[in-house]
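The chain contents come next:
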Amino acid sequence: MQRRSFLASSAAIASSLAAPFVIAQSGKLTPLKFTLDFRVNGQTAPFFLAQSRGYYRDERLDVSIDTGAGSVASITRIASGVYQMGLGDISSLVEFNAQNPGTPVVQAVYQYYNRAPFVIIGRKDRGVTGDFKSLEGKKVGAAAVESTRRAWPMVARKQGMKPDAFAWQTTDFSARDNVMVRGDVDAATYFHDSAVSLFARMKLDELSVLKYADAGVNLYGNAILASSNLIAQDPGVVAAFLRATNRAIVETFADPAPAIAAMRQREPILDTKVELDRWAITAEYVGAADTRAHGLGDIRKLTLEQQVDEVAEVFKLKHKPSADAIFNSSMLPRRADRMIKA
């Protein structure tokens, strides 16, 4: 792909976003493959609401949504061209772009988690309190490669702790609740909203939830990603997907029940109450304080630049991508449409 093709002028992009699709004029839908970062649940219910209510079809898109295997897998799926868009962690994208310098092949186009929902949850009966330093000398369960575990050194730096202050015990995602309940570990890493399964098995007053954000680690979490080829060739398709998805996200904030019902059409085995509880936690991070000013989906550039610096230092990256290479805001819906209705 020619660099000048990727770096299209903002005027050309704006023209493309405003104009109707050529393919729409023929009455056909544009196929688009979207990969989640993990399995189907309440965390991503708005995407299924958009699909169920026909918002993607209204935008002349035929969207298929597949489960994922983590942020790194989402990024590589999009980079390979197998998927055009997906969900993936911003820090993982920073690392990927640093390892693949030059014109980025994947960019974030809509910030879903305005703050990363990274937490370590500990058992109070093992001495884990609301202080991160209470983890010293403990055993903490985590998957081998996951965002929360990999970001731990950032918390350690903020808290004046050594990165090896505790011992990691590697465990599969599927076994994490079990090792916590059995007491095989003193604590475990989670996406906060993923922990509802643990909360169903252990009382909240038995647990301490240590939020990375409370430690002063201001990280953007999972974002909607798009291939740079799609951005360059069909920015209107990306904009259309974002309009439909954003519409569903705003509606889910107003009333999450229809979104959970739409999600359960895909995964009927899931429990409605559990998934409503999960979305309630997700909403705290999707609609974090920043969104009250700039709306859903957008970022503060300085915050992203600081995250890039932090990731580059902690992960010892040889190259440091610019914030502009990571996040492309040119296809976001209008700010007025991205405001959470009180």
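This text goes with the structure placed above it.
To start, this report covers the structure provided alongside it. Model, not experiment: these values are computed from the prediction.

We now examine the sheet that holds strand S1 (residues 30-35). The sheet built from five strands is open, its strands ordered S2-S1-S3-S10-S4 with mixed pairing. In this open sheet, the two edge strands, each paired with only one partner strand, are strand S2 (61-66) and strand S4 (106-111). Going from strand to strand, the sheet's axes swing by 30 degrees on average, the running direction of each strand aside. Two strands pair when backbone bridges link them, and S1 and S2 are joined in this way by six bridges, in the parallel orientation. Paired with Thr-30 across the two strands is Leu-61, which belongs to S2. Along the sheet, helix H4 (residues 45-52) contacts S1, S2, strand S3 (85-89) and strand S10 (222-227); its crossing angle with S2, the most-contacted strand, is approximately 145 degrees. In this fold helix H6 (residues 71-80) packs onto S1, S3, S4 and S10, with an angle of close to 145 degrees to the strand it touches most, S3.

Judged by nonpolar contacts, the single largest core of 107 residues is most densely connected at Phe-34, Met-85, Ile-224 and Phe-241. For this core, the element with the most residues is helix H13 (residues 235-254), which contributes 11 residues.

We now examine the sheet that holds strand S6 (residues 139-142). An order of S7-S6-S8-S5-S9 is seen for the five strands of this open sheet, with the pairing classed as mixed. The open sheet has two edge strands, strand S7 (167-170) and strand S9 (207-211), and neither has a second partner. Averaged over all adjacent pairs, the angle separating strand axes in this sheet is 30 degrees, with direction ignored. As defined by bridge partners, strand S5 (residues 118-123) adjoins S9 across five bridges and the pair is classed as antiparallel. Note that in S9 the partner of Ile-121 across the bridge is Val-209.

If you check helix H17 (residues 301-314), its first and last C-alpha atoms are 20 Å apart, about what 14 residues at 1.5 Å a residue would give, namely 20 Å. Listed in full, the buried residues belonging to H17 are Thr-303, Leu-304, Gln-307, Val-308, Glu-310, Val-311, Ala-312 and Val-314. Elements in contact with the buried residues of H17: helix H7 (90-99), helix H9 (152-159) and helix H18 (323-326). Downstream of H17 by a residue or two, Lys-316 has a phi angle that is positive, lying close to 55 degrees.

Looking at the element boundaries, Ser-228 is found in helix H12 (residues 228-233). At 2.6 Å, the side chain of Ser-228 and the backbone oxygen of Pro-104 are in polar contact.

So, about the environment of Arg-335. Take Arg-335: it is sitting in the segment after H18. On the basis of relative accessibility, which here comes to 46%, the residue Arg-335 falls in the partly exposed class. Along the sequence, Arg-335 and Ala-215 sit 120 residues apart, while their C-alpha atoms lie 30 Å from each other. Setting aside its immediate chain neighbours within four residues, Arg-335 contacts Ala-293 and His-294. Engagement of the side chain of Arg-335 in a polar contact is seen with the backbone oxygen of Ala-293, the distance being 2.5 Å.

In this section: unusual backbone geometry. In this model, Arg-60 sits at a positive phi of 65 degrees, which is unusual for a non-glycine residue. Its place among the elements puts Arg-60 in the loop between helix H5 (55-58) and S2. Residue Arg-60 is classed as partly exposed on the basis of its relative accessible area of 27%. Of note, the phi angle at Lys-316 is positive, near 55 degrees, even though the residue is not glycine. Within the secondary structure, Lys-316 is located in the loop between H17 and H18.

This next bit is on the packing of H9 against H17. Orientation of H9 relative to H17, taken along the N-to-C sense of each, is 100 degrees, at an axis distance of 10 Å. The orientation of H9 relative to H17 falls into the category roughly perpendicular. In contact with Pro-153, Met-154 and Arg-157 of H9, H17 contributes Glu-310, Val-311, Glu-313 and Val-314. Of the residues assigned to the contact of H9 with H17, the class counts are four nonpolar, no polar and three charged.

Rules of the game
- Residues numbered from 1 in each chain as written.
- Predicted model: local features only at pLDDT ≥ 70, side-chain atom pairs only at ≥ 80, totals over all residues.
- Heavy atoms only, no water.
- Pairing = 2+ DSSP bridges.
- Helix = DSSP H or I, 4+ residues; strand = E, 2+ residues; numbered from the N terminus.
- Axes fitted to C-alpha atoms, helices over the stretch in contact; angles between N-to-C directions.
- Contact = heavy atoms within 4.5 Å.
- Core = buried A, V, L, I, M, F, W, Y, C linked by side-chain atoms within 4.5 Å.
- Buried < 20%, exposed > 50% of the residue type's maximum accessible area, 1.4 Å probe, protein only.
- Expected span 1.5 Å × (residues − 1).
- Polar contact = N/O pair within 3.5 Å; in protein donor to acceptor, adjacent residues only side chain to side chain.
- Parallel < 35°, antiparallel > 145°, perpendicular 65-115°, else oblique.
- Nonpolar A, V, L, I, M, F, W, Y, C, P; charged D, E, K, R; others polar.

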